[in-house]
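Given next are the chains, with one letter for each unit.
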Amino acid sequence: MVEGVLDGASVLVVEDEMLISMMLTDMLEQLGCTAIGPAVTLGEAWPLFEAGAFDAAVLDVHVDGREIYDLADAVRARRIPLVIATGSGADSLPERFRNAVLLPKPYSLPALDAALRRAGLEPSG
């Protein structure tokens, strides 16, 4: 069972599809995390990023018709664990993100847990 292993972590969620963001938020809660957001546009995401009150980020590649790569670069620059959510493979990403931790769609709780850990989010305790 994966529930609770990341208790207390806050995760920035940038996802523009409401049902997916609700599901992702629910999965994070099952892992003991707090979802920051979800932001459904980059305009909503940037202030959440600037506030800096998160331990990791899960960013959908395309949000409201725009790509999230500038935001992903900023997350990386702060050395915050980053997970990129996509329905495509790594080959569809710019070269600088080909080795990023990917969360394939459709999401599953074990895949989300594993992706957050691979990205460097540490379990509490």
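Above: the structure in question.
Let us look at the structure shown here. Everything quoted here is computed from the prediction, not taken from an experiment.

It is worth spelling out unusual backbone geometry at this point. Omega for the peptide link from G37 to P38 comes to 5°, which places this bond in the cis form. Turning to its location among the elements, P38 is positioned in strand 2 (residues 34–39). A cis amide bond links K105 to the next residue, P106, at an omega of 0°. Here P106 shows up in the loop between strand 7 (101–104) and helix 4 (109–119). We note that R79 has phi near 60°; this positive angle belongs to a residue other than glycine.

Moving on, we get to the environment of W46. Note on placement: W46 falls in helix 2 (residues 42–51). Put simply, W46 and V14 are 32 residues apart on the chain and 9.9 Å apart in space, counted from C-alpha to C-alpha.

With five of its five residues buried, strand 1 (residues 10–14) lies for the most part within the structure. By the alternation rule, side chains of strand 1 split into S10, L12 and V14 and V11 and V13, which are all buried. Note that strand 1 and strand 2 share four bridges and pair parallel. When the sheet's bridge partners are listed, L12 is paired in strand 2 with I36.

Thresholds applied
- Residues numbered from 1 in each chain as written.
- Predicted model: local features only at pLDDT ≥ 70, side-chain atom pairs only at ≥ 80, totals over all residues.
- Heavy atoms only, no water.
- Helix = DSSP H or I, 4+ residues; strand = E, 2+ residues; numbered from the N terminus.
- Buried < 20%, exposed > 50% of the residue type's maximum accessible area, 1.4 Å probe, protein only.
- Pairing = 2+ DSSP bridges.

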